[in-house]
Amino acid sequence: MLDPHLADLWLLNSCTVKGPSEDNFLNCVKRAQELEKHVVLAGCVPQGQKEHPRLSGLSVVGVQQIDRVVEVVEETLKGNSVRLFSTRRRDKRRLAGAPLDLPKIRRNALIEILPINSGCLNHCTYCKTKHARGDLASYPPEEIVQRTEQAFSEGVVEVWLTSEDLGAYGRDIDVTLPELLWQLVEVIPDNGMLRLGMTNPPYIMEHLEEMAKILLHPRVYSFLHVPVQSGSNQVLEDMRREYNIEDFKYLVEFLRKKVPGITIATDIICGFPTETAADFKETLSLVNSFKFPNLFINQFYPRPGTPAARMKRIPTQVTKQRSKELTELFASYQTYDGLVGEEFVVLVTETSFDGKYFVGHNKFYHQILVPLDKSLLGKMVRVKIYETGKYFLKGHVLSLIQEEPLLWQQEPSLQQQDSSQKWKSNVS
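Calculation rules
- Residues numbered from 1 in each chain as written.
- Predicted model: local features only at pLDDT ≥ 70, side-chain atom pairs only at ≥ 80, totals over all residues.
- Heavy atoms only, no water.
- Helix = DSSP H or I, 4+ residues; strand = E, 2+ residues; numbered from the N terminus.
- Expected span 1.5 Å × (residues − 1).
- Contact = heavy atoms within 4.5 Å.
- Axes fitted to C-alpha atoms, helices over the stretch in contact; angles between N-to-C directions.
- Parallel < 35°, antiparallel > 145°, perpendicular 65-115°, else oblique.
- Left-handed = near helix turned anticlockwise from the far one by under 90°.
- Nonpolar A, V, L, I, M, F, W, Y, C, P; charged D, E, K, R; others polar.
- Salt bridge = Lys/Arg side-chain N within 4 Å of Asp/Glu carboxyl O.
- Buried < 20%, exposed > 50% of the residue type's maximum accessible area, 1.4 Å probe, protein only.
- Pairing = 2+ DSSP bridges.
- Core = buried A, V, L, I, M, F, W, Y, C linked by side-chain atoms within 4.5 Å.

(A) Helix 12 (residues 316-332), seen in detail. Helix length check: helix 12, at 17 residues, gives a terminal C-alpha distance of 24 Å against a target of 24 Å (1.5 Å per residue), a fit within 8%. Along its buried surface, helix 12 packs onto strand 13 (263-270), helix 11 (277-290) and strand 14 (294-299).

This is the structure in structure tokens:
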């Protein structure tokens, strides 16, 4: 049903990371009530703010209870209010959430989005998510491996591992992230790929040698998202990020050396309450030095109930100016210059936002646009780059790869090493 006005019930999911997303959620709740719709709420906003006055009396399916959503919907349609917030436990141990083997309809039939743990071990002063997700709780490796095998058997060609903090995986169940990943690569077929999600610096630092080996594996994208948030040690301390900027620089330099061509994405928060002009200059210097190909820039939003919300805010115009200055710096350098004429093997899985191209990714998770030919979807293809932009490359399809070994799946591969070094020389 495409028209929400025709629905009997609105099921509204939510995110509490930023103020605007929460405001949009609350506006949707208000609109549903104005239209006299039955309402079921989900996600981190009601989980983290159970007594929010605007959510009073409405049904809620908690973040660990999503497998009971049908039950909640049915009861709500009968006129009852159901609020499920409880934490799942087994043998007194907190579980990560609903079972991984629940049936699902994927937004993209070729991509499995697979959570491996919930919650985190950090206590960042600006973050509201922990209020909803709680402390770290990891899924057992065997359940993750089983779900991965199931996904590939259902036609998936790419698995994304997701988490509030990938690097912390398993610390609550005496397992490490590398131990899980080595098990996963054993069940990924030759035409499949694994993408790792977001990891904060502190815990991944303990596994850098093993992580480098894993990121070199032919069936794992050489890609990692590691939010730094600020280039200033003082700001990082005030954020309670549990690492310093020297740690982060070491991490990036180590992985760029050990995994030639790796794409490292990062996040920056502009306008944290204690950020001075000198602190911000350190952030600019960090970005200018490393020239991250993917940079997510956020303005500070005080989240109710967090320590940072009680701090005196920087004037909004200063925060906006810093965000603008950082955005201009990011736009000033080109990541993909020099790649015209290069050939890559690409796994095609998505459609571009404008609907004019299919989108694939090479070993380094570069976004490569190819023609809208349905025979390419879910396939490995060899492309030659003819155009580059700030966020993408465009490629002519040279051939469809069937059973031949992939360039990046030859172990060891001089060609892979050569092309990796070429790419690195263009972005370092």
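(B) The packing of helix 6 (residues 177-185) against helix 8 (residues 208-215), seen in detail. One can describe the packing of helix 6 onto helix 8 by two numbers: an axis separation of 10 Å at closest approach and a directional angle of 20°. The orientation of helix 6 relative to helix 8 falls into the category roughly parallel. You can see that helix 6 and helix 8 cross each other, and the crossing is left-handed. Of helix 8, the residues touching helix 6 (which contributes Leu 177, Pro 178, Leu 181 and Trp 182) are Glu 210, Met 211, Lys 213 and Ile 214. Taken together, the residues of the contact of helix 6 with helix 8 break down into six nonpolar, no polar and two charged.

(C) Main features of the pattern of salt bridges. Taken as a whole, this structure holds 14 salt bridges when the rule is applied. Put simply, Glu 34 and Arg 31 hold a salt bridge, and the shortest N to O gap is 3.8 Å. Of this pair, Glu 34 and Arg 31 both sit in helix 1 (residues 19-34), three residues apart, roughly one helical turn. Under the relative-accessibility criterion, Glu 34 is labelled partly exposed at 48%. Owing to a relative accessible area of 37%, Arg 31 belongs among the partly exposed residues under this scheme. We note a salt bridge from Arg 106 to Glu 112, for which the minimum N-O separation is 2.6 Å. Owing to a relative accessible area of 0%, Glu 112 belongs among the buried residues under this scheme. Among the charged side chains, a salt-bridge network with shared partners connects Lys 104, Arg 106, Glu 112, Arg 147 and Glu 154.

(D) Structural view of the pairing of strand 17 (residues 367-370). Sheet topology places strand 16 (residues 358-361) next to strand 17; four bridges connect them, and they run antiparallel. Directly across from His 361, in strand 17, lies its bridge partner Gln 367. By the bridge criterion, two bridges tie strand 17 to strand 19 (residues 393-401) in an arrangement that is parallel. When the sheet's bridge partners are listed, Leu 369 is paired in strand 19 with Lys 394.

(E) How the structure looks around the sheet that holds strand 19. Read around the barrel, five strands follow the order 15-16-17-19-18 and close on themselves; strand pairing throughout is mixed. When the angles between neighbouring strand axes are averaged without regard to direction, this sheet yields 55°. Pairing of strand 18 (residues 380-388) with strand 19, which is carried by eight bridges, proceeds in the antiparallel orientation. Its bridge partner being in strand 19, Arg 382 is matched across the sheet by Ser 399.

(F) The arrangement of the environment of Ala 212 in detail. Looking at the element boundaries, Ala 212 is found in helix 8. In this structure, the C-alpha to C-alpha distance between Ala 212 and Lys 258, residues 46 residues apart in sequence, is 6.1 Å. Leave out the neighbours within four places in its chain, and Ala 212 touches Phe 254, Leu 255, Lys 258 and Val 259.

(G) Highlighting the side chain of Thr 319. Tracing the chain through its elements places Thr 319 in helix 12. Setting aside residues up to four positions removed in sequence, Thr 319 forms contacts with Cys 270, Gly 271, Gln 299, Phe 300 and Ile 314.

(H) Up close: the packing of helix 11 against helix 12. Where helix 11 meets helix 12, the closest approach of the two axes is 10 Å, and the angle between their N-to-C directions is 15°. The angle between helix 11 and helix 12 places the two elements in the roughly parallel class. By crossing handedness, the relation of helix 11 to helix 12 is classed as right-handed. Between helix 11 and helix 12, the residues in contact are Ala 277, Phe 280, Leu 284, Val 287 and Asn 288 and Arg 322, Glu 325, Leu 326 and Leu 329, respectively.

(I) Focus on the nonpolar core. Core analysis: the largest hydrophobic core is formed by 59 residues, its most contacted members being Leu 161, Leu 196 and Leu 255. Elements with a minimum of two residues in this core: helix 5 (141-153), strand 10 (158-162), helix 6, helix 8, helix 10 (245-258), strand 13, helix 11 and helix 12. Tallying contributions element by element places helix 10 first for this core, with six residues. Excluding its chain neighbours within four sequence positions, the residues that come into contact with Leu 161 are Leu 114, Ile 116, Leu 166, Leu 181, Leu 184, Leu 194, Arg 195, Leu 196 and Gly 197.

(J) Broad picture of unusual backbone geometry. Positive phi is not limited to glycine here, since Asp 174 has a value of about 60°. Here Asp 174 is to be found in the loop between strand 10 and helix 6. With relative accessibility at 74%, the residue Asp 174 sits in the exposed group. Even without being a glycine, Lys 291 presents a positive backbone phi close to 45°. When you line up the elements, Lys 291 lands in the loop between helix 11 and strand 14.

(K) View of the sheet that holds strand 7 (residues 111-115). Spatially, 7-10-11 is the arrangement adopted by the three strands of the open sheet, whose pairing is parallel. The open sheet has two edge strands with one neighbour each: strand 7 and strand 11 (193-195). When the angles between neighbouring strand axes are averaged without regard to direction, this sheet yields 20°. In this sheet, strand 10 lies alongside strand 7 in parallel orientation, the contact comprising five bridges. Across the sheet, residue Glu 112 finds its bridge partner in strand 10, namely Val 159. On the sheet, helix 5 packs against strand 7, strand 10 and strand 11 and is oriented at approximately 170° with respect to strand 7.

By themselves, these observations are geometric and do not establish any function.
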